[in-house]
Amino acid sequence: MHQTTPPTRSPRRAALAGGLSALLALGTVVALSASPAAVASPPDRDQVCDDLDSEKRDTTGDPMTVTLTAPAGFLINRYCVKAGSINQGDGPQYVELDTPLASIAVSYTSTVSNKGKAISHYSYSWVPAATSPAPEPEPAPEPNPEPNPEPEPDPVPNPEPEPEFPPNPPTNPGGHFDWNWKYADPTCAGLVVAYPSDLPQGQANDINIRLRTATGQITLNYHNNEGTWSGTRAFPYSQHRNWPAGTTDYTVEWIQVAGTNYHWEDGLRCLLETDGDDSTLDVPRAVTAIDDFDADKVKLRRGQRVGTDLVTIDQPGLESVELQRLAKGDWTTKRTLPADTGRVLVSFPKERKKGTSRYRLVVPGSESVTGAVTDVLKVKVRR
């Protein structure tokens with residue numbers, strides 16, 4: 001509530017803030033093998049993704065999401081992404097796809113801060129796409145075939161060994177297993193779970209993700225019939241058999257993973273905006289919201305300022321909040337405020353001229369979030 005004397009404002013109720021997750025492939029994904037056996041690796045493997053087939057590729061512009069595309073005739077079966085230093089929990093993260101895909105969108109979440117981070121580089125590998133072979137024509141008879149020719153031996157396959165990745169850390173190093181272990185927040189494309197290495201056998205066979213769509217509430221169940229899941233695994237929504245085709249606006253409401261006592265239920269609204277090109281991958285974006293901004297009209301005297309305002313920012317991505325002021329028909333930025341905590345204290349400049357000032361808050365959109373703009377606050381300034 002705005003006041004002229006004294007210029008203060010009471011905090012208002014904060015909205016729930018959903019988080020960003022990581023490493024999401026838009027396809028049926030079952031991920032990496034976590035073998036405890038030691039493997040030979042380059043000395044910088046903890047800091048840099050393995051080359052894989054694509055070799056390491058650096059990003060530009062600090063993207064939150066990167067779309068990977070396989071060469072013609074191939075499908076992506078494995079990828080790695082990295083954000084910052086492993087010392088801050090942001091080292092290379094690997095995912096292996098059980099069902100290879102022609103194109104996937106990947107993102108990154110820090111295992112320490114549980115926040116989405118900009119991708120610094122990535123790599124991925126691919127396998128030949130499965131095709132139905134055309135029937136071979138009947139061979140013409142040889143003029144004088146030899147009786148009972150010796151069959152040629154089949155060639156002995158010599159495939160390259162599959163790379164082995166280090167296991168995830170345990171829930172409680174040196175202690176008992178923690179049944180309250182947490183997984184990363186979901187993204188709008190799906191959920192990625194880094195299963196702890198001390199997870200008991202038989203405790204990781206189900207994932208349940210509840211969504212709210214235009215056609216009602218649905219629950220996506222993922223079940224492992226072959227044992228206990230391990231390593232890091234991605235569970236996308238759009239490739240699940242129960243996913244309603246054509247869904248473009250939905251909210252992730254609740255998630256249950258394995259036997260952990262922790263359940264995510266913050267709420268995450270998502271939009272899928274198609275570009276009309278069927279050859280490109282449409283990546284859903286989290287809907288940004290700015291809550292508790294008081295846009296009521298205010299009357300002040302010259303030399304006073306609007307009282308500070310505590311607002312809540314839901315899904316800002318990597319963007320900051322901008323306090324903008326209208327001047328000569330153009331909106332100009334007066335303050336830039338970090339929004340990574342989800343709460344922002346907005347302070348306004350002093351009013352030095354008689355007339356009407358207009359302010360708004362803006363979170364710019366990006367490839368991973370929609371961005372948002374508030375209503376306009378009008379400030380009438382008297383002498």
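All residue numbers here refer to positions counted from 1 along the written sequence of the relevant chain. Per-residue local features are limited, in this predicted model, to residues with pLDDT of at least 70; the limit for side-chain atom pairs, both in listing and counting, is 80 or more; totals at the level of whole chains, interfaces and linings are taken over all residues. Excluding hydrogens and water, the side-chain figures rest on all heavy atoms present in the structure.

Student: Before we move on, could you go through the overall build of the protein and cite the residues and values that matter?
Tutor: Put simply, DSSP H or I for four residues or longer makes a helix, DSSP E for two residues or longer makes a strand, and each gets a number counted from the N terminus. Summing up its helical and strand segments, the protein has 0 helices and 23 strands in all. Across the 383 residues in the protein, those meeting the buried criterion constitute 42%. We call two residues in contact whenever any of their non-hydrogen atoms come within 4.5 Å of each other. Residue pairs at least 24 apart in sequence account for 72% of intrachain contacts in the protein once pairs closer than 6 positions are excluded. Reported accessibility uses the Shrake-Rupley method at a 1.4 Å probe radius. Residues are deemed covered only where the shown protein chains occlude them. Surface summary for the protein: the accessible area is close to 21,100 Å², and the carbon and sulfur share equals 49%. Only protein chains enter the area calculation, which uses a 1.4 Å probe; residues under 20% of their type maximum are buried, those over 50% are exposed, and those in between are partly exposed.

Student: Describe the packing of aromatic side chains, naming the residues involved and giving the relevant values.
Tutor: The geometry of an aromatic ring pair is captured by two quantities: the separation of the ring centres and the angle between the planes. Note on aromatic contacts: the rings of Phe and Tyr and the six-membered ring of Trp form a pair at centre separations within 6.5 Å, being stacked when their planes are under 30 degrees apart, edge-to-face when over 60 apart, and tilted otherwise. Using the criterion set out here, one finds 12 aromatic pairs in the structure. Ring centres 6.4 Å apart and planes at 75° place the aromatic pair tryptophan 181 and tyrosine 183 in the edge-to-face group. Neither tryptophan 181 nor tyrosine 183 differs from the other in exposure class; each is buried. Ring plane angle 65° and centroid distance 5.3 Å describe the contact between tyrosine 222 and phenylalanine 235, whose orientation is recorded as edge-to-face. Of this pair, tyrosine 222 sits in strand β9 (residues 216–223) while phenylalanine 235 is found in strand β10 (residues 232–236), placing the two residues 13 residues apart along the sequence. There is no split in this pair, since tyrosine 222 and phenylalanine 235 are both buried. Cluster of aromatic residues (ring-pair linked, three or more members): Trp181, Tyr183, Tyr195, Tyr222, Trp229, Phe235 and Tyr262.

Student: I'd like a rundown of the confidence of the model for the protein, residues and numbers included.
Tutor: For every residue, the predictor states its confidence as a pLDDT score lying anywhere from 0 to 100. Overall, the prediction assigns the protein a mean pLDDT of 80, with 78% of residues at 70 or greater. The least confident element of the protein, judged by mean pLDDT, is strand β4 (residues 93–101) at 77; the most confident is strand β22 (residues 372–373) at 97. Note that residues 1–43 has pLDDT below 50 and, in this model, 154 contacts with residues that lie over four places away or in other chains.

Student: Explain the sheet that holds strand β15 (residues 289–291) to me, and be specific about the residues and the numbers.
Tutor: With respect to topology, 3 strands assemble into an open sheet ordered β15-β17-β20, the strand pairing being antiparallel. Each of the sheet's edge strands pairs with one partner strand only, and the pair in question is β15 and β20 (343–346). The sheet shows a mean angle of 30° between the axes of neighbouring strands, direction not considered. At least two DSSP bridges between two strands are needed for those strands to be called paired. Across 4 bridges, strand β17 (residues 309–314) lies against β20 in antiparallel orientation. Of the residues in β20, the one forming a bridge with valine 311 is valine 344. Each axis is a line fitted through C-alpha atoms, taken for helices only over the stretch in contact, and angles between the N-to-C directions span 0 to 180 degrees.

Student: Now, about the environment of tyrosine 122: what can you tell me, with residues and values included?
Tutor: Of note, tyrosine 122 is situated in strand β6 (residues 121–128). Sequence separation of tyrosine 122 and glutamine 93 is 29 residues, and the distance between their C-alpha atoms is 9.3 Å. Apart from the residues within four sequence positions on either side, tyrosine 122 is in contact with Glu55, Lys56, Arg57, Thr59, Val66, Leu68, Cys80 and Val81.

Student: If you had to explain the state of the cysteines to someone new, which residues and values would you point to?
Tutor: When two cysteine sulfur atoms are found within 2.5 Å, that pair is recorded as a disulfide. Scanning the model with the defined rule gives 2 disulfides in all. Across the disulfide, cysteine 49 is cross-linked to cysteine 80 (sulfur-sulfur distance 2.1 Å). In this structure the cystine formed by cysteine 49 and cysteine 80 twists about its S-S bond by roughly -75°; its chirality is therefore left-handed. With a gap of 31 residues between them, cysteine 49 in the segment before β1 (57–58) and cysteine 80 in strand β3 (residues 74–82) connect regions that are remote in the sequence. A residue is classified by how much of its surface remains accessible, and cysteine 49, at 4% relative accessible area, is buried. Across the disulfide from cysteine 188 sits cysteine 270; the S-S distance is 2.1 Å. On the S-S bond that ties cysteine 188 to cysteine 270, the torsion sits near -85°, and the link is left-handed. With cysteine 188 in the loop between β6 and β7 (190–194) and cysteine 270 in strand β13 (residues 268–271), this residue pair connects regions lying 82 residues apart in the sequence. By relative accessible area, cysteine 188 is classed as buried at 5%. In the protein, the bonded cysteines, numbered by position in the sequence, are linked as 1-2, 3-4.

Student: Tell me about the nonpolar core, and please be specific about residues and values.
Tutor: Here, nonpolar core refers to any group of buried Ala, Val, Leu, Ile, Met, Phe, Trp, Tyr and Cys residues whose side-chain atoms link them within 4.5 Å. Counting 30 residues, the largest nonpolar core has Tyr195, Ile207, Ile209 and Val257 as the members making the most contacts within it. Elements with a contribution of two residues or more to this core: β7, β8 (206–213), β9, β11 (249–257) and β13. Among the elements that line this core, the one with the most residues is β11, at 4 residues. Formed by 21 residues, the second largest nonpolar core is a distinct cluster that contains Val311, Val321, Leu337 and Leu377.

Student: Let's hear about a positive patch on the surface: which residues, and what values?
Tutor: Think of a patch as exposed residues, more than 30% relative accessible area, with no salt bridge, where like charges cluster within 9 Å and nonpolar side chains (Val, Leu, Ile, Met, Phe, Trp, Tyr) cluster within 5 Å. In the sections that follow, a salt bridge refers to a side-chain nitrogen of Lys or Arg positioned within 4 Å of a carboxyl oxygen of Asp or Glu. Positive charges come from Lys and Arg alone, negative charges from Asp and Glu alone, with His and the N- and C-terminal ends not counted. Charged groups are reduced to one reference atom each: NZ for lysine, CZ for arginine, CG for aspartic acid, CD for glutamic acid. Residues Lys297, Lys299, Arg301, Arg302, Lys354, Lys378, Lys380, Arg382 and Arg383 make up a contiguous surface patch of positive charge. Within the residue set of the positive patch, elements represented by two or more residues are β16 (298–301) and β23 (377–382). Ranked by residues supplied to the positive patch, first place goes to β23 with 3 residues. Note that lysine 354 resides in the loop between β20 and β21 (355–363). Lysine 354 gets classed as exposed once you look at its relative accessible area, which sits at 57%.

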